[in-house]
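# Summary of the model geometry
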Amino acid sequence: MINILDRTSIFDILSHLHPGEKPRFGAMSPQHMVEHLAFSVRFSNGKEPQKHYYSPEKEHKIKTYILDTDNDFMIGFKAPVLPAEGLPELRCANLDEAVSVLKNELVDFDRYFEEHPAALPVNPTMGELNYREWVRFHNRHFAHHFKQFGLL
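Residues numbered from 1 in each chain as written. Predicted model: local features only at pLDDT ≥ 70, side-chain atom pairs only at ≥ 80, totals over all residues. Heavy atoms only, no water.

What follows covers the overall build of the protein. In terms of regular secondary structure, the protein is built from 5 helices and 2 strands. Its helices and strands taken in sequence order, the protein reads α-α-α-α-β-β-α from the N to the C terminus. The C-alpha radius of gyration computed for the protein amounts to 15 Å, which stays within 12% of the reference 15 Å derived for 152 residues, consistent with globular compactness. With the C-alpha coordinates of the protein rotated into their principal frame, the extents come out at 40 × 35 × 30 Å. Across the 152 residues in the protein, those meeting the buried criterion constitute 47%. The contacts of the protein with a sequence gap of at least 6 include a subset with a gap of at least 24, amounting to 77%. Of the roughly 8,300 Å² that the protein leaves accessible, carbon and sulfur atoms contribute 53%. (Helix = DSSP H or I, 4+ residues; strand = E, 2+ residues; numbered from the N terminus. Rg over C-alpha atoms; globule rule 2.2 N^0.38 Å. Buried < 20%, exposed > 50% of the residue type's maximum accessible area, 1.4 Å probe, protein only. Contact = heavy atoms within 4.5 Å. Areas by Shrake-Rupley, 256 points an atom, 1.4 Å probe, with all protein chains shown as cover.)

We now examine the packing of aromatic side chains. Overall, the coordinates contain 8 aromatic pairs when judged by the stated rule. Aromatic side chains Phe 73 and Phe 137 sit 6.4 Å apart centroid to centroid with 25 degrees between the ring planes, which places their arrangement in the stacked category. Of the two residues, Phe 73 sits in the loop between helix H3 (56-68) and helix H4 (95-115) while Phe 137 sits in helix H5 (residues 131-148), which places them 64 residues apart along the sequence. Exposure remark for Phe 137: the relative accessible area of 9% places this residue in the buried category. Between the aromatic rings of Phe 109 and Phe 113, the centroid separation amounts to 5.3 Å while the plane-to-plane angle is 65 degrees, which identifies the pairing as edge-to-face. Within this pair, Phe 109 and its partner Phe 113 are both found in helix H4, separated by 4 residues, close to a single helical turn. A residue is classified by how much of its surface remains accessible, and Phe 113, at 6% relative accessible area, is buried. Linked through ring pairs, Phe 109, Tyr 112, Phe 113 and Tyr 131 together constitute an aromatic cluster. The ring of Tyr 54 is capped by Lys 58, whose NZ or CZ atom sits 4.2 Å from the centre of that ring. A cation sits over an aromatic face here: Lys 103 above Phe 11, 5.2 Å from the ring centre. (Phe/Tyr/Trp six-rings, centres within 6.5 Å; stacked < 30°, edge-to-face > 60°. Lys NZ or Arg CZ within 6 Å of the ring centre and 35° of its normal.)

Any two side chains of opposite charge can pair, so long as their charged atoms come close to each other. Overall, the coordinates contain 10 salt bridges when judged by the stated rule. Note that Glu 48 is salt-bridged to Arg 91, the shortest N-O span being 3.7 Å. Here Glu 48 is found in the loop between helix H2 (30-44) and H3, whereas its partner Arg 91 is found in the loop between H3 and H4, with 43 residues between them in sequence. Several salt bridges share partner residues, and in doing so they unite Arg 42, Lys 47, Glu 48, Arg 91, Glu 105, Asp 108 and Arg 111 into one network. (Salt bridge = Lys/Arg side-chain N within 4 Å of Asp/Glu carboxyl O.)

Read these as geometric descriptors, not functional statements.
Right under this line is the structure:
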């Protein structure tokens with residue numbers, strides 16, 4: 001299991017990721033995957049507030065599946081914040097820079113919840129999540145994408 005609060009382990013795992021690696025599923029490059037994780041962390045650290053995309057009923061159903069089970073994430077699921085076709089444009093110059101950005105976003109996640117312990121940032125598919133729920137989501141989301149590149 002991944003624990004995003006154990007940054008040493010997270011970044012040790014990512015140190016085995018190389019720019020030219022091909023995914024076991026999906027179309028992301030290693031850099032796309034790391035930038036995607038950083039993007040999702042920004043939803044939870046106050047930097048990229050999200051709106052609700054789904055009905056409360058659908059959010060609850062997704063939230064229950066993601067947070068209350070250990071079932072694998074569905075391969076091929078496209079969150080409503082992602083482009084309908086293709087991949088998002090890369091923001092970083094290379095994989096190393098993307099990993100550095102991810103580190104910073106996780107530090108800002110910690111800081112955000114230290115300063116706003118009752119915050120409920122919106123996840124675009126599950127609605128408002130508290131700190132514990134965001135940690136659970138990120139743990140599962142990171143694990144999904146680490147499996148994508150055979151890191152787990």
